[in-house]
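Coordinate inspection notes
Chain by chain, the residues run as shown.
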Amino acid sequence: MGKIAGPSHMIGGMGVYDAAVVDIPPKIINRELPQYPPSARRLRLEGTVLVSMIIDSQGKPTHCAIRKAEPKGVFEESALAAANSYRFVPGKVGGQSVATLVLVPFHFKMAN
C-alpha cells in the first residue's frame, strides 16, 4: 500500500478521501432498511437511489446527498433517512481513521 499524498477533496472544511484510495475502506456495521413509501407500495413502484456520503473518522455519515434516483421523486427521502442512520467502521490511511467519501445504493423492490 503506497503512501497517499493527502485527502482527495475538501468538503465542509474537512479533508475527505475517496473510498478507492484509502488503505482500508469504511465498512457498514449497522444499517436500517429504508421505509418503503406507502404511495410507492400502493402503485407497486420499484427503484434505486444512489446516495453519496462522507463517513467521518468516528464512523458516522455526514453530507448525505442523492447522486441518482430512478424513478425520480419517489424514494429519495426514505433513502436519505436510512443513510443517516447507518454506522461504519471508518476508513483508514496509514492506520489512522479518516473521513471517506462513499456511494451507497438503496434498492426498493416489492416482495413477491
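All figures in this text were calculated on a predicted structure; none of them were measured in a lab. (Residues numbered from 1 in each chain as written. Predicted model: local features only at pLDDT ≥ 70, side-chain atom pairs only at ≥ 80, totals over all residues. Heavy atoms only, no water.)

Core analysis: the largest hydrophobic core is formed by 18 residues, its most contacted members being Val49, Val51, Met53, Phe106 and Phe108. Looking at this core, the elements that each hand over two or more residues are β4 (47-55), α2 (76-85) and β9 (100-108). Ignoring sequence-local partners within four residues, the contact set of valine 51 consists of Cys64, Ala65, Ile66, Ala79, Leu80, Ala83, Val102, Leu103, Val104 and Phe106. (Core = buried A, V, L, I, M, F, W, Y, C linked by side-chain atoms within 4.5 Å. Buried < 20%, exposed > 50% of the residue type's maximum accessible area, 1.4 Å probe, protein only. Helix = DSSP H or I, 4+ residues; strand = E, 2+ residues; numbered from the N terminus. Contact = heavy atoms within 4.5 Å.)

Let's shift gears to the environment of proline 71. Along the chain, proline 71 turns up in the loop between β5 (61-70) and α2. Exposure remark for proline 71: the relative accessible area of 28% places this residue in the partly exposed category. Put simply, proline 71 and glycine 6 are 65 residues apart on the chain and 37 Å apart in space, counted from C-alpha to C-alpha. In this view, proline 71 contacts Glu46, Gly47 and Glu76; residues no more than four positions away in its chain are not counted.

What follows deals with the packing of aromatic side chains. Under the definition given, this model contains five aromatic pairs. Relative to phenylalanine 108, the ring of tyrosine 36 lies with its centre 5.8 Å away and its plane at 75°, an arrangement referred to as edge-to-face. Taken together, the residues tyrosine 36 in the loop between β3 (27-30) and α1 (38-42) and phenylalanine 108 in strand β9 connect sequence positions 72 residues apart. Here phenylalanine 108 falls in the buried class, since its relative accessible area comes to 2%. The interplanar angle of 45° and the centroid separation of 6.1 Å between the aromatic rings of tyrosine 86 and phenylalanine 88 together place this pair among those described as tilted. Here the two residues tyrosine 86 and phenylalanine 88 agree in accessibility, since each one is buried. (Phe/Tyr/Trp six-rings, centres within 6.5 Å; stacked < 30°, edge-to-face > 60°.)

Another aspect to go through is unusual backbone geometry. For the bond running from glutamate 70 to proline 71, omega is -10°, close enough to zero to count as cis. Residue arginine 44 is not a glycine yet carries a positive backbone phi of 55°. Tracing the backbone through its elements, the reader meets arginine 44 in the loop between α1 and β4. For histidine 63, which is not glycine, the phi torsion reads 50° and is therefore positive. With respect to the secondary-structure elements, histidine 63 resides in strand β5. For histidine 63, a relative accessible area of 44% puts it in the partly exposed group.

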